[in-house]
Amino acid sequence: MARWVRPGLLVLLVGAGITVAATVGVPPLTEVRTWVQAAGWAGPVLYSGLYALASMTPAPASVMTIGAGALFGWGVGVPVAFCGALVGALAGFAMSRTLGRSTVEGLAGERLARLDAMLRERGLLAVIGIRMVPLGPFAIVNATCGLTAVRARDYVAGTAIGLLPGSVTFVAVGAFGTSPGSVPFLLAVLAVVLLVGIGVMTNNRRALAARSQTRGASAVPAQRPGAGRADPDDRAG
């Protein structure tokens with residue numbers, strides 16, 4: 001019974017995040033702008049903290065990133081959005097790893113064990129690919145990574161590397177969104193398209209490599225006990 005306390009707590013926390021996202025939602029940009037202006041120099045810090053908290057829920061992280069550009073401009077918005085996303089990603093990973101990883105290890109089958117082995121060895125590239133092209137809500141991706149065997153150092157490095165291009169481009173969309181025909185805005189949109197294409201190719205290559213590894217492992221026949229030992233009669237002959 002005790003083994004289910006931690007995963008049960010994780011489910012409750014995830015459910016609470018979903019409830020908050022569904023009932024509260026993302027505040028209007030004008031309202032957030034009022035808060036930021038009232039906070040003065042602490043506005044960027046408060047927005048980054050709000051970003052980190054929002055990233056613990058299924059709220060769309062891209063909206064917060066674009067909002068950082070609209071509120072602070074490109075130069076300030078990039079570090080504000082990047083720091084908020086990184087802190088939120090690390091918090092979600094740590095919560096999931098602490099509360100749910102041991103249960104996953106106890107229930108893991110052969111296929112999941114092979115996936116864990118691959119992520120343990122190639123976790124850095126896997127995390128970079130996932131971050132460049134999110135396959136689901138930001139909070140769900142963070143929690144899922146925490147349940148796998150990805151090394152913490154690979155997760156941190158892969159998250160930082162993978163988030164930076166998206167932060168730069170989506171902040172630019174917000175910063176220059178008031179001039180949709182301007183060169184900076186068009187370059188930002190082009191960068192988003194390129195990031196999506198690169199991330200899709202990376203994920204496809206990783207999936208092909210995982211399938212090849214799985215087929216290779218299943219193709220190796222299991223050696224029977226005593227196989228390969230010489231028969232005593234043969235040695236005598």
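Quick caveat, the model's predicted, so the values are computed rather than measured. (Residues numbered from 1 in each chain as written. Predicted model: local features only at pLDDT ≥ 70, side-chain atom pairs only at ≥ 80, totals over all residues. Heavy atoms only, no water.)

Draft legend 1. View of the overall build of the chain. Looking only at helices and strands, the chain features nine helices and zero strands. Along the chain, from the amino end to the carboxyl end, the secondary structure elements read α-α-α-α-α-α-α-α-α. Relative to its full complement of 237 residues, the chain shows a buried share of 35%. Expressed as a percentage of contacts within the chain between residues at least 6 apart in sequence, the contacts between residues at least 24 apart total 82%. Carbon and sulfur atoms form 69% of the exposed surface of the chain, whose accessible area is close to 13,700 Å². (Helix = DSSP H or I, 4+ residues; strand = E, 2+ residues; numbered from the N terminus. Buried < 20%, exposed > 50% of the residue type's maximum accessible area, 1.4 Å probe, protein only. Contact = heavy atoms within 4.5 Å. Areas by Shrake-Rupley, 256 points an atom, 1.4 Å probe, with all protein chains shown as cover.)

Draft legend 2. Expanded view of the packing of aromatic side chains. Under the definition given, this model contains two aromatic pairs. Ring geometry for Tyr 47 versus Phe 72: centroids 5.6 Å apart, planes at 75 degrees, classification edge-to-face. Of the two residues, Tyr 47 sits in helix α3 (residues 43-54) while Phe 72 sits in helix α4 (residues 61-107), which places them 25 residues apart along the sequence. You'll find Tyr 47 and Phe 72 in the same group, each marked buried. (Phe/Tyr/Trp six-rings, centres within 6.5 Å; stacked < 30°, edge-to-face > 60°.)

Draft legend 3. Structural context of the nonpolar core. Among the nonpolar cores identified, the biggest contains 30 residues, and Tyr 47, Tyr 51, Leu 71, Phe 72, Phe 138 and Tyr 155 are the most heavily contacted of them. Looking at this core, the elements with two or more residues in it are α2 (29-39), α3, α4, α5 (110-132), α6 (138-147) and α7 (152-175). With 13 residues, the single largest contributor to this core is α4. The residues contacting Leu 71, other than those within four sequence positions of it, are Leu 29, Val 32, Arg 33, Val 36 and Tyr 47. Counting residues in each nonpolar core, the second largest holds five residues, with Ala 172, Val 173, Phe 185 and Ala 188 among its members. (Core = buried A, V, L, I, M, F, W, Y, C linked by side-chain atoms within 4.5 Å.)

Draft legend 4. Quick look at the environment of Gly 73. Counting through the fold element by element, Gly 73 comes out in helix α4. What makes Gly 73 partly exposed here is its relative accessible area of 22%. Note: C-alpha distance between Gly 73 and Val 171 (98 residues apart in sequence) is 7.7 Å. Discounting residues that sit within four places of it in the chain, Gly 73 has contacts with Ala 68, Val 171 and Ala 175.

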